[in-house]
Structures are given as structure tokens and as C-alpha cells.
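The lines below spell out each chain.
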Amino acid sequence: MQETITIEVVHIATFKALAVRTGMTPDKSGTRVAWSKLTEQLPLDDARLLAGPHAYVFIPQEQWGKEVDTLWVGLAVSEFGDVPDGLETLESSGGLCASARVYGDENHMWSVYEAMFGWLEQSQDYELDASALGMETVPLEPINALTIPYGDIETFNFTMLYPVRKKAGG
């Protein structure tokens, strides 16, 4: 059973992340390779990690208008400290985000993307803030999808958080 698609505007606090840059790959393995590189350099028991068992996939919002070709897979940290080779520092600006939860098969996931961008196009109050990094939160428990080949995932489980701003005059 697919859950209903609900889009809401939420406020996200600012935070720091250590992340690995990747690209979109035809076999959709880029995020999984990046996750592996990330956790080799930043183990899940690192004292800098913030509480909350989830990873982030960061997306430059200006890429939604064309092809998305750059992503980062990261973990939220309290401080950057010594940044291991291969990792980059990112800072989420926080603020208002359009949020939608994905929990279902691949068709459902694409339906949620379609609903999100339809909502953004039709909203009288909000527009996508293309100057910011959007993100998708991926829970690490009970199952970490970043360790499963894309084609083997039966249930996609993540939350979209795409920065928005009030439209002028809205």
C-alpha cells in the first residue's frame, strides 16, 4: 500500500556536514559508492556525528531545471575538525523547505517527485530557492538503502527537503 503524498513547508535548522561528491551514474550506483567512501573516512561512531540515524543526499537546486549531475552524500557533524582526504565540508543554510516523504516502490517515488515539482509550480506562496542545497534524508535504520544496489531496493524510504522562499508579493 502506497502512502498518500503530502507536501508541507517545514523549517530546518542550519547544520554542517562532511560529504563525498558524486555524479549521477546510469546504473544509479554513484550515491552508494560515495556512501562507501564517506564511511571509510568518517566511521559511524565518529564523535563529531550528530544524533539521528540518517544520511543526506545533497542536491544543488539550480540543477533541477536541467540535468542533475552533481550530488553529495554526507553526514551531519557538530564540527568539521580534521577533514579526511576525499571529503568536503558543506553547510546547510537551513530555513524553509518543501518536504515530502517517499515510502514505497520506484513508481511511488517518481510520483512523489512529480507531486513535489507540481506543487512548486502551482504554489501561490512559495518558489524553489535555486541558490541553496536541497537534500534528501535517508534513514540508516532499520535498513540503510545506501548499502543496497539501486535495482534491488523494494521500498524507497527518504524525505525530500527542498529549500523554498516566499514569492515576491506573496
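Residues numbered from 1 in each chain as written. Predicted model: local features only at pLDDT ≥ 70, side-chain atom pairs only at ≥ 80, totals over all residues. Heavy atoms only, no water.

### As for helix H2 (residues 106-122)
Right, on to step 1. If you check H2, its first and last C-alpha atoms are 24 Å apart, about what 17 residues at 1.5 Å a residue would give, namely 24 Å.
Right, on to step 2. Taken together, the buried positions of H2 are His108, Met109, Val112, Tyr113, Met116, Gly118 and Leu120.
Right, on to step 3. In this structure, the buried side of H2 is in contact with strand E1 (7-12), strand E6 (95-104), strand E7 (126-128), strand E8 (133-139) and strand E9 (156-166).
Right, on to step 4. The residue sitting at the N-terminus of H2 and contributing the capping side-chain oxygen is Asp105; that oxygen lies 3.2 Å from the backbone nitrogen of Asn107. (Helix = DSSP H or I, 4+ residues; strand = E, 2+ residues; numbered from the N terminus. Expected span 1.5 Å × (residues − 1). Buried < 20%, exposed > 50% of the residue type's maximum accessible area, 1.4 Å probe, protein only. Contact = heavy atoms within 4.5 Å. Polar contact = N/O pair within 3.5 Å; in protein donor to acceptor, adjacent residues only side chain to side chain.)

### Side note on the environment of Lys37
Right, on to step 1. Within the secondary structure, Lys37 is located in helix H1 (residues 30-41).
Right, on to step 2. Using a relative accessible area of 46% as the deciding quantity, one classes Lys37 as partly exposed.
Right, on to step 3. The spacing of Lys37 and Thr4 is 33 residues in sequence and 35 Å in space, taken between C-alpha atoms.

### As for the nonpolar core
Nonpolar side chains tend to gather and get buried jointly when the protein is soluble and globular.
Right, on to step 1. If you look at the biggest cluster of nonpolar residues, it comprises 38 residues, and the most contacted ones within it are Trp35, Leu38, Leu42, Leu75, Met116, Phe158 and Met160.
Right, on to step 2. Of all the secondary structure elements, the ones that give two or more residues to this core are strand E2 (15-22), H1, strand E3 (54-60), strand E4 (71-77), E6, H2 and E9.
Right, on to step 3. In this structure, Leu75 is in contact with Lys16, Ala17, Leu18, Trp35, Leu38, Leu42, Leu44, Leu49, His54, Ala55 and Leu140, ignoring residues within four places of it in sequence.
Right, on to step 4. Core analysis: the next-biggest nonpolar cluster, separate from the first, contains 12 residues, Phe15, Tyr56, Phe58 and Leu90 among them. (Core = buried A, V, L, I, M, F, W, Y, C linked by side-chain atoms within 4.5 Å.)

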